[in-house]
Amino acid sequence: MARPARARIDLDAIRHNARLAQTLAPDSQLMAIVKGNAYGHGAVPVARALADQVDGFGVACIEEARELRDAGIHNRLLLLEGFFTADELDEIDRLRLDVTVHSDYQCHAIEQANLSEPIAVWLKVNTGMNRLGFAPEDIPGLIQRLDRSRLVSERILITHLAQADNPGASTTKDQLARLEKLMDQCSNLPLSIANSPGVLGWPATHANWIRPGMMLFGANPIADTQPGLKAAMTLESAVIAERRIEPGDTLGYGDHYRANRPMRIGVVALGYADGFPRHAPNGLPVQIDGHDSVLVGRVSMDMLTVDLTDLPDARVGSRVEFWGSNVPIETIALECGTIPYELVSQITARVTRTYSY
Ligand SMILES: *Cc1c(COP(=O)(O)O)cnc(C)c1O
């Protein structure tokens, strides 16, 4: 038998979540964000599953775009950070990619480029994220400049929300207010604002193009809401050994966990070399053959340990779910001091991905 660590990917759940995004923003086009290997779910299978349903895909870099084109994905593809050096423009031209332009050096490179046909430019506006983008007041001048170059087909304005996952924060309203002023001058241009929390919680951000990522994979970025998403990834492995320990015994490395009663322990084939967080705390919920239990002891590189004491039927071969349809990834992320985005992105290639359609 092969090593049992698996990420089971439910492509139908991803399609369901994309439909939900479309239902919430019926007048917007959908750019599905599949950067970072589709948040660890596998960019090619995810893009194939969504190709007929979405208007485009967003990726972080040309390497990710090339992988999708090589796999026969013909949808519109946007480089979310544009290009890093001017020499990428030849391939951008050949692969027919849309580019984000967030800095002057990119504008300059396009003006100098030798393109076979004009490209679509998503002009990034900094409305308060303060990461990428031009100040709103610089945008009208940049549009004129790009128009003069004649190498740009479509221009789309794009901005990114810094705190849409926090319904109480004023940041999103401030960002929208800065955009509104700009749109008075650029009302003819399509606009894209919303990431997943924008799609789910802020209808005013839907605009012409929505850009959901995380919600497609079923994790809800807004606490205490139930939008009806379906978990796309189930991370699971199996018990590969059992043992008994006595009160006072420690478990695995260090003395992160010390038994205070006689315990039956299951050793599971999953560790931090699979991307499972090493700092996962004692008491983290898991499900073993459908029954609730907990992680005990330090996560090691290839293994971790769970409590079987109150599960008399659990044995070698028992299936352990770490997150998925039965164990909410939002809970696991909270307990591990992170967000679902990081948990799914970190799952390494050693974990076999299996797909259901
Ligand atoms: C990653 C990313 C998104 C998607 O964000 P989610 O919160 O995962 O929906 C949207 N837009 C840009 C520019 C991004 O980099």
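Because the structure is a prediction, the values reported are computed rather than measured. (Residues numbered from 1 in each chain as written. Predicted model: local features only at pLDDT ≥ 70, side-chain atom pairs only at ≥ 80, totals over all residues. Heavy atoms only, no water.)

(A) Examining the UniProt feature "modified residue: N6-(pyridoxal phosphate)lysine" (unreviewed entry) in the protein more closely. UniProt's feature table lists "modified residue: N6-(pyridoxal phosphate)lysine" (unreviewed entry) at Lys35, given in the numbering used throughout. As for its placement among the helices and strands, Lys35 is situated in helix α2 (residues 35-39). Leave out the neighbours within four places in its chain, and Lys35 touches Gly58, Val59, Ala60, Glu64 and Leu80. (UniProt positions renumbered as here; feature names shortened; annotations may be inferred. Helix = DSSP H or I, 4+ residues; strand = E, 2+ residues; numbered from the N terminus. Contact = heavy atoms within 4.5 Å.)

(B) Broad picture of the packing of aromatic side chains. Summed over the entire model, instances satisfying the criterion amount to five aromatic pairs. For the pair Tyr39 and Phe217, a centre-to-centre distance of 5.1 Å together with 35° between the ring planes defines the contact as tilted. Of this pair, Tyr39 sits in helix α2 while Phe217 sits in the loop between β9 (209-210) and β10 (233-245), and the two are 178 residues apart along the sequence. With respect to burial, Tyr39 and Phe217 carry one shared label: buried. By relative accessible area, Tyr39 is classed as buried at 8%. (Phe/Tyr/Trp six-rings, centres within 6.5 Å; stacked < 30°, edge-to-face > 60°. Buried < 20%, exposed > 50% of the residue type's maximum accessible area, 1.4 Å probe, protein only.)

(C) Geometry of the pattern of salt bridges. In this structure the tally under the stated criterion is 17 salt bridges. Notably, a salt bridge pairs Arg66 with Glu91, separated by 2.7 Å at the nearest N-O pair. With Arg66 in helix α4 (residues 62-70) and Glu91 in helix α5 (residues 89-95), this residue pair connects regions lying 25 residues apart in the sequence. Close ionic contact of Arg155 with Asp147 constitutes a salt bridge, the shortest N to O distance being 2.8 Å. (Salt bridge = Lys/Arg side-chain N within 4 Å of Asp/Glu carboxyl O.)

(D) Structural context of the site of the ligand. Around the ligand lies a shell of 14 residues, among which Lys35, Tyr39, Ser196, Gly213 and Tyr341 are the nearest. One of the side-chain nitrogen or oxygen atoms of Lys35 is found 2.7 Å away from an oxygen atom of the ligand. Within the backbone of Met214, an N or O atom sits 2.8 Å from an oxygen atom of the ligand. Considering the ligand on its own, with 380 Å² of exposed area, one finds that the protein chains cover 92% of that surface. For the shell around the ligand, the secondary structure elements donating two or more residues are α2 and α9 (196-201). Each residue belonging to the shell around the ligand can be placed in one class, and the counts come to seven nonpolar, four polar and three charged. (Near = heavy atom within 4 Å. Polar contact = N/O pair within 3.5 Å; in protein donor to acceptor, adjacent residues only side chain to side chain. Areas by Shrake-Rupley, 256 points an atom, 1.4 Å probe, with all protein chains shown as cover. Nonpolar A, V, L, I, M, F, W, Y, C, P; charged D, E, K, R; others polar.)

(E) Structural view of the domain arrangement of the protein. Here the protein is described as being made up of domain 1 (11-217) and domain 2 (233-356). A C-alpha centroid distance of 37 Å is found between domain 1 and domain 2. Contacts between domain 1 and domain 2 engage nine residues on the former and eight residues on the latter. In total, domain 1 and domain 2 occlude about 790 Å² of area from one another, counting both sides; carbon and sulfur atoms represent 60% of this. Connecting domain 1 to domain 2 are zero salt bridges. At the boundary of domain 1 with domain 2, the tally comes to three residue pairs in polar contact (both at pLDDT 80 or more). Here the side of domain 1 that touches domain 2 is built from residues that sort into five nonpolar, three polar and one charged. (Domains from an automatic or database assignment. Buried area = accessible area lost by both parts, 1.4 Å probe.)

(F) Just the pairing of strand β5 (residues 98-101), in detail. Residues Asp98 and Thr100 point to one face of β5 and Val99 and Val101 to the other, with burial holding for every one of them. Pairing of strand β4 (residues 76-79) with β5 involves two bridges; the strand directions are parallel. Following the sheet pairing, Leu79 is matched in β5 by Val99. For the crossover that starts at β4, traverses α5 and ends in the parallel β5, the hand is right-handed. Strand direction decides the pairing type here: β5 and strand β6 (residues 119-124), joined by three bridges, are parallel. What sits directly across from Thr100, in β6, is Trp122. In this fold, the crossover linking β5 to β6 by way of helix α6 (residues 104-112) has right-handed handedness. (Pairing = 2+ DSSP bridges. Right-handed = clockwise from strand over helix to strand, strands pointing away.)

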